[in-house]
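Reading the structure
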Amino acid sequence: MSDLLAARSQMAVSLAFHIIFAVIGIAMPVLMVIAERRWQRTRDPVYLDLAKRWARGTAILFAVGAVSGTVLSFELGLLWPRFMALAGPIIGMPFSLEGFAFFTEAIFLGVYLYGWERVSPRAHLLAGVLVALSGAASGIFVVIANAWMNTPTGFTFANGAFTDIDPIAAMRTPAALPQTLHMTLAAYAATGLGVAGIHAFLLLKNRTSAFNRAALTIGLLVGAPAAVLQPISGDIAARSVARRQPVKLAAMEELYETRAGAPLTLGPGIEIPYALSLLAFHDPHAVQGLNAVPRAEWPNVPLVHWSFDIMVSLGTYLALVGLWAGWLALRKRDVTMHRRFLAALAVAAPCGFLALEAGWTVTELGRQPWVIFGILKTADAVTPMPGLIVPFTAITLLYCGLAAVVSVVLYRQIIRSPA
Amino acid sequence: MLSLPNVLAGIILSALTAYVLFGGADFGGGVWDLLASGPRKDQQRRLVAHAIGPVWEANHVWLILAIVLLFTCFPMGFARLAIVLHVPLTLMLIGIVLRGSAFVFQTYGGGGGRVFATASLVTPVLLGICVGAVASGAVGDAGRGTGEGFYAGYIAPWLTPFALAVGVFALACFAFLAAVYLTLEAEEPELREDFRQRAFIAAAAVLVLAVVGWALFRHTLPLNHRVIALTGAAALGTFWSLWKRRYWLARLAAAVEVALVVLGWGVAQYPYLLPPDLTIAESAAPRVTLELALTAVIAGAVVLFPSLYYLMRIFKGPIIRKTPSVAPPTTPRARPQ
């Protein structure tokens, strides 16, 4: 394994691990606040139990997210010092703002978790709302920094250095809106349907548990609308990629040659004429193929393509489950008693998280070989330190162990029905 | 001199100081968890868990803030730091991950108490080693050894007696802070005496290690004697107030003492970010970035300080006012299910 590959792998493992905790840290507080609000209105102890369990879940995941996020902020420099030396002044801004948003989240999470008996019910609920808002804000800031790596703006680049930098213009990079929208919805869809799916699975075994029914309903309330809206944000994101990173789009669709009226390839030999052009540009415009750039500037085409297809398939499934939930609700059917719906929802539980990982694989691998698209190659950003396979192995083992422990603790603390 | 880069370097040093005073004490708590002994062993551990539970994550964010501001405002310095100190920084990160997650698992009944305590011991030493390496000038280009190879480039700069001494010194400071703070948090007199005793031991260790560190220092940096005198005065103040059992005063004096140690490091290094050659002014980002970062810090502080005050008032208020705690400990420890 080369040092570059080891560094990329370590970054990938760190991000893949952190992202799960980050999205749950964004969306779980929303579920927890809804449960608490329902408890305050109905005084049904089931909701209080849920709010407390979800708060505990948020606490565990937030803690792991906080420390794995610390690892990432250091790794930016430990693995990519030349990237940070160059880009720090431009994209430090969203990271700094993220730092403050994250700080606010940590403070109010402390108030929420330990303050049940120490602050008024209204202040307690407000603390939960602030946790949810600052969580969403910190996610958005970090994704903006990533968006800048895809569509760098706000500088003049000459002789290997940035001049005339404008960090505010950099934050308004064109990919920022599509990416933050897509990611924020993904957080709510994955977490909401993940929670609903777990409780659907438990309900299939025991249909009478009021606890599981309440949990499922709140999970759906957050997850289903996000899952239904996600394809729209996906369309916005894909068109942004088509315009600004045509090579990435070509890899996503495995389009080797530039074609007008490009077809969408669904599988070997199955093509929908014009569909790709229509999807990418909303007209039969030509779609640039991989052949437009030298081979050395291609990303790993099969991996990007397959990840993209996995993401789209899973996302479509989640959107359909979301629509089904809406349809059942419109017809005033009890979603918690509908056996086939529960089965579909249980299957959906891990799908959002898998789609999320696949989606990040598309956007990160699709940008390769660049770390700053069109400006700096990943190979030129890596640290000169040799033997990077050692930290890569250490971090991987650490995170595998942590993932196992987190799963056990979460199961004991939240999912297991009250006795 | 009040230039923009200096102001931001000062803010970063302040964030680091806050991390040491708050987050450092949380690490020190882990040390006392590891060293819990005597008839009140379990109460000592419970007190530590109860004291750091609601606040450790907020305390931890000071480090993130310092690092983010460092790479925004002094990207060259950050890059060099990350290259030369790759090994101890990575080890420190592993320690941070293990400490944080083991603590939360312990709180929620997943075990991990020993991991929490051990990681609390190792992480501060690594942090101190990094600081020691910077202060000794080994991270600056001119200060680095001339040898070739992995050892010369990535191990020798920080594996020095001085850096190791600073590492152990940092650990002693954190344990000292925690013990002094805990005298104020303990409700029962016996438990308070336990931590008073530990505070004396830790204070003595801090003193001895300060002398050792000073002896090993290569005197490349000018030490500011006024700051040293003030630190010594604060140390005496802590001893005296602990002796007189004035715990509130002891907490204040201990915090001032350790803050002055960090400040003394900053003053000694000035005007260098990474002695002996990379100055604050040279390594600073373009002016527009610094202006925006300062704006973000001010705006962030407007949100942050009232929130932090609120957090501390809720959970540390009864202690600070020295009234008996209102409610019994509400730590959601593992409840039998």
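Cut-offs used in this document
- Each chain has its residues counted from 1, following the order in which its sequence is written.
- Naming scheme: in the order in which they are written, chains are lettered from A and ligands are numbered from 1.
- Totals for whole chains, interfaces and linings use every residue, but because this is a predicted model, local features are given only for residues with pLDDT of at least 70 and side-chain atom pairs only at 80 or more, for both listing and counting.
- Helical segments are the DSSP runs of H or I of at least four residues, strand segments are the runs of E of at least two, and each set is numbered from the N terminus.
- Whether a residue is buried, exposed or partly exposed follows from its count of other C-beta atoms within 10 Å of its own C-beta, namely 20 or more, 12 or fewer, or something in between, respectively; the C-beta atoms are built from the backbone.
- Once C-beta atoms are placed from the backbone, any two residues with those atoms within 7 Å are in contact.
- Only the C-alpha atoms count toward the radius of gyration. The rule for a globule is 2.2 Å times the residue count to the power 0.38.
- Linking buried Ala, Val, Leu, Ile, Met, Phe, Trp, Tyr and Cys residues through C-beta atoms within 7 Å yields a set, and such a set is a nonpolar core.
- Following the grouping adopted for this structure description, the nonpolar residues are Ala, Val, Leu, Ile, Met, Phe, Trp, Tyr, Cys and Pro, the charged ones are Asp, Glu, Lys and Arg, and the polar ones are all others, Gly among them.
- Working convention: axes come from line fits to C-alpha atoms, limited for helices to the stretch in contact. Angles between N-to-C directions cover 0 to 180 degrees.
- Angles are sorted into four bins: roughly parallel if under 35 degrees, roughly antiparallel if over 145, roughly perpendicular if 65 to 115, and oblique for all others.
- The hand of a helix crossing depends on one turn: near helix anticlockwise from the far one by less than a right angle means left-handed, and clockwise means right-handed.
- Between the first and last residue of a helix there are one fewer steps than residues, each counted as 1.5 Å, and that sum is the expected span.
- Every residue carries a pLDDT, the predictor's confidence in it, which falls somewhere between 0 and 100.

As a further point, take the overall build of chain B. Along its length, chain B carries 13 helices and two strands. Counting over 337 residues, chain B shows a buried share of 55%. Within chain B, contacts between residues separated by at least 24 positions form 79% of all contacts whose residues are at least 6 apart in sequence.

Here the focus is the overall build of chain A. Of the regular secondary structure elements, chain A holds 14 helices and eight strands. Computed over its C-alpha atoms, the radius of gyration of chain A comes to 22 Å, within 12% of the 22 Å expected for a compact globule of 419 residues. Along the longest, intermediate and shortest principal axes, the C-alpha atoms of chain A span 65 × 50 × 40 Å. In chain A, which comprises 419 residues, the share counted as buried stands at 55%. The contacts of chain A with a sequence gap of at least 6 include a subset with a gap of at least 24, amounting to 77%.

A few words on the nonpolar core. In this structure, A:Val23, A:Leu31, B:Phe176 and B:Leu177 are the most contacted members of the largest nonpolar core, which totals 274 residues. At 22 residues, the largest contribution of residues to this core is made by helix H3 (residues 81-114) of chain A. A:Val23 has contacts with A:Ala186, A:Ala187, A:Ala190, A:Thr191 and A:Leu356, leaving out every residue within four places of it along the chain.

Every contact between the two is made by 64 residues of chain A and, on the other side, 57 residues of chain B. At 24 residues, the largest contribution of residues to the side of chain A that touches chain B is made by H3(A). Residue composition of the side of chain A that touches chain B, by class: 43 nonpolar, 14 polar and seven charged.

It is worth spelling out the packing of helix H6 (residues 176-205) of chain A against helix H11 (residues 339-348) of chain A at this point. All names here are of chain A. One way to put it is that H6 packs onto H11 with a least axis distance of 7 Å and a crossing angle of 130°. Comparing their axes, H11 and H6 come out oblique. For the element pair H6 and H11, the recorded crossing hand is left-handed. Contacts between H6 and H11 involve Leu193, Ala196, Gly197, Ala200, Phe201, Leu203 and Leu204 from the former and Leu342, Ala343, Leu345, Ala346 and Ala348 from the latter. Among the residues making up the contact of H6 with H11, the classes are represented as eleven nonpolar, one polar and no charged.

Here the focus is the environment of A:Pro121. Looking at where A:Pro121 falls in the secondary structure, it is placed in helix H4 (residues 121-150). Spatially, the C-alpha atom of A:Pro121 lies 8.1 Å from that of A:Gln40, the residues being 81 residues apart in sequence.

Next up on the list: helix H2 (residues 41-52) of chain B. In a regular helix each residue adds 1.5 Å, so twelve residues correspond to 16 Å; H2(B) covers 17 Å between its end C-alpha atoms and thus fits that length. Along H2(B), the residues classified as buried are B:Gln44, B:Leu47, B:Val48, B:Ala49, B:His50, B:Ala51 and B:Ile52.

Let us look at unusual backbone geometry. The step from A:Gln368 to A:Pro369 runs through a cis peptide bond, and the omega angle for that step is 5°. With omega at 5°, the peptide bond leading from B:Tyr270 into B:Pro271 counts as cis. Mapped onto the secondary structure, B:Pro271 falls in the loop between helix H11 (247-269) and strand S1 (272-274). The phi dihedral of A:Arg43 is positive, around 60°, even though this residue is not glycine. Residue A:Arg43 is classed as exposed on the basis of its C-beta count, with 9 C-beta atoms lying within 10 Å. One non-glycine residue with positive phi stands out, namely A:Lys332, at about 55°. Looking at the element boundaries, A:Lys332 is found in the loop between helix H10 (301-330) and H11. Its 6 C-beta neighbours within 10 Å are what place A:Lys332 among the exposed residues.

Turning our attention to helix H12 (residues 351-367) of chain A. Residue and element names in this part refer to chain A. With 17 residues, H12 extends 24 Å between its outermost C-alpha atoms, agreeing within 8% with the 24 Å of an ideal straight helix rising 1.5 Å per residue. For H12, a buried count of twelve out of 17 residues is recorded, marking the element as mostly surrounded by other parts of the structure. All of the buried residues along H12 are Cys351, Gly352, Ala355, Leu356, Glu357, Gly359, Thr361, Val362, Thr363, Glu364, Gly366 and Arg367.

Looking at chain A as a whole, its pLDDT mean stands at 89, while 98% of the residues score no less than 70. Within chain A, strand S4 (residues 264-267) of chain A has the poorest average pLDDT of any element, 73, and H12(A) the best, 94.

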